[in-house]
Amino acid sequence: MKIIGYGIRQDERQFVEQWSSQNGIGVKMTAELLTAETVDQASGYDGIVAFQQLAYSDELLEKMDQLGIHNLSLRNVGVDNINLEKATSLGIKVTNVPVYSPEAIAEFTVTQLMQLLRRSKEYARKFSNHDFRWAPQISKELNQQTVGVIGTGHIGRSAIKIFQGFGAKVIAYDAFHNKEIESQGLYVDSLSDIYKQATVITLHIPLFPETEHMLDREAFNQMNDGVFIINAARGPLIDESALIEALDSGKVGGAALDVMEDETKVFNQDLGKQEINYPAFNNLFERDNVLISPHTAFYTDVAVKNMVNISLNNNKQLFETGTADNLVEK
Ligand code: NAD
């Protein structure tokens, strides 16, 4: 068996090499992304392992089929950039890595909230101008906050534990209740309850048509003045123009965004001094009380190692058995 890995970053190489020698399976690595133009490099390989924000086009899937490659293992969880119906119709099996380190995203969520509460960006800007005064930029304490966690899956539950460790009051909302969270009595009945009671709201749900723009004008209007918003889930969960209005009015006191509506315009590229053609990004980026990070919540050594190992195991399993534990089906 031979595997080719696309979009392999420098930090992934050591984990790929370790897996390859442990399993006695050759893995060719390329930094190029998987596209209709680059897929020819996979000729003669039994499976492809890939990770990218860029869409896996229908043309690419057709070329994979023509090359006789029907095993595609993604190194991440999201499959929103691949037409699964098309893949299935061509007999291409797709796997993902549903869980690689919920703690990575949960810890990042709390880190960003702490920075908002302690006004880190504002202090850093003042410090860069050698202004070392502290008053009147007074901070807030996490133990005094009511944190509304929307989505109590792997990441939401991990974040809840950390928030509780800091002494915060946690309330939670999820379309499907988790027994552990229910036994603690954390669930409220509706999203409105979260909006009305929370002083911090953090999103940990997937993007579906029904969750797109979950935080819109109507939602922000129901919230407490000065509420802090954290989004390390998916950009389109928040209507960015409504967020900008809510920041202007003081309804929202600060926001930490690891994901954005049009993030592929900006994230994961070195734009140097180029003008950024994304008005909402430019508006939010300038604000002292908005933290933007380029979809890096997941990016830890543990998470990357798991993404590499689990995806390669999935690809091996597809080759050996025709199916895999992490098969994604439409
Ligand atoms: P998960 O599947 O374990 O949990 C998702 C939870 O959302 C589930 O409990 C589900 O019941 C709930 N849910 C689904 N639809 C809902 C709705 N309409 N209303 C309320 N609750 C709903 O997923 P996870 O591993 O905890 O990941 C959560 C999200 O985090 C992912 O979907 C992904 O978008 C995002 N994520 C971001 C990064 C990053 O680097 N920023 C990394 C991984 C995942």
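Caption draft 1: Region of the structure containing the site of the ligand. Residues in contact with the ligand amount to 22 residues; listed here are only the nearest, His154, Ile155, Asp174, Ala232 and Asp258. With respect to the ligand, the side chain of aspartate 174 contributes an N or O atom lying 2.6 Å from an oxygen atom. The fraction of the free accessible surface of the ligand (870 Å²) that becomes covered by protein chains is 83%. Its residues assigned to classes, the shell around the ligand shows 13 nonpolar, 6 polar and 3 charged.

Caption draft 2: Quick peek at helix 6 (residues 154–165). With 12 residues, helix 6 extends 17 Å from end C-alpha to end C-alpha; this agrees with the ideal 16 Å at 1.5 Å per step. All of the buried residues in helix 6 are Gly156, Ser158, Ala159, Ile160 and Phe163. With its phi angle positive at about 90°, glycine 167 sits one or two positions after the end of helix 6.

Caption draft 3: Main features of the packing of helix 1 (residues 10–23) against helix 12 (residues 301–321). Between helix 1 and helix 12, the shortest axis-to-axis distance is 9 Å and the interhelical angle comes to 40°. In terms of their interaxial angle, helix 1 and helix 12 are classed as oblique. Between helix 1 and helix 12 the crossing geometry is right-handed. In contact with Asp11, Glu12, Phe15, Val16, Gln18, Trp19 and Asn23 of helix 1, helix 12 contributes Asp301, Val304, Lys305, Val308, Asn309, Leu312, Asn313 and Lys316. Here the contact of helix 1 with helix 12 is composed, by residue class, of 6 nonpolar, 4 polar and 5 charged.

Caption draft 4: Structural detail: the packing of aromatic side chains. What the rule picks out here adds up to 6 aromatic pairs. Between phenylalanine 51 and phenylalanine 298, the ring centres sit 6.1 Å apart and the planes meet at 85°, which makes this aromatic pair edge-to-face. Here phenylalanine 51 is found in the loop between strand 3 (47–50) and helix 2 (58–67), whereas its partner phenylalanine 298 is found in the loop between strand 11 (290–292) and helix 12, with 247 residues between them in sequence. Phenylalanine 298 shares its class with phenylalanine 51; the two are buried. Plain terms: the ring middles of tyrosine 100 and phenylalanine 298 are 6.4 Å apart, the flat faces sit at 85° to each other, and that makes the pair edge-to-face. Note that tyrosine 100 is positioned in the loop between strand 5 (93–95) and helix 4 (102–117) and phenylalanine 298 in the loop between strand 11 and helix 12, a separation of 198 residues in sequence.

Caption draft 5: Broad picture of the pattern of salt bridges. Per the counting criterion, the structure on display carries 12 salt bridges. A salt bridge links arginine 9 to glutamate 12, with the nearest nitrogen and oxygen atoms 3.8 Å apart. Given the relative accessible area of 1%, glutamate 12 is considered buried. One salt bridge connects arginine 125 with aspartate 288, and the closest N-O pair in it is separated by 2.6 Å.

Caption draft 6: Main features of the side chain of aspartate 239. Along the chain, aspartate 239 turns up in the loop between strand 9 (227–231) and helix 10 (240–249). As a buried residue without a salt bridge, aspartate 239 has its nearest oppositely charged side chain in arginine 217, at a separation of 4.1 Å. Not counting the four nearest positions on each side in its chain, aspartate 239 is found in contact with His213, Leu215, Asp216, Arg217, Phe220 and Glu261.

The rules we used
Residues numbered from 1 in each chain as written. Predicted model: local features only at pLDDT ≥ 70, side-chain atom pairs only at ≥ 80, totals over all residues. Heavy atoms only, no water. Near = heavy atom within 4 Å. Polar contact = N/O pair within 3.5 Å; in protein donor to acceptor, adjacent residues only side chain to side chain. Areas by Shrake-Rupley, 256 points an atom, 1.4 Å probe, with all protein chains shown as cover. Nonpolar A, V, L, I, M, F, W, Y, C, P; charged D, E, K, R; others polar. Helix = DSSP H or I, 4+ residues; strand = E, 2+ residues; numbered from the N terminus. Expected span 1.5 Å × (residues − 1). Buried < 20%, exposed > 50% of the residue type's maximum accessible area, 1.4 Å probe, protein only. Axes fitted to C-alpha atoms, helices over the stretch in contact; angles between N-to-C directions. Parallel < 35°, antiparallel > 145°, perpendicular 65-115°, else oblique. Left-handed = near helix turned anticlockwise from the far one by under 90°. Contact = heavy atoms within 4.5 Å. Phe/Tyr/Trp six-rings, centres within 6.5 Å; stacked < 30°, edge-to-face > 60°. Salt bridge = Lys/Arg side-chain N within 4 Å of Asp/Glu carboxyl O. Lys, Arg positive; Asp, Glu negative; His and termini not counted.

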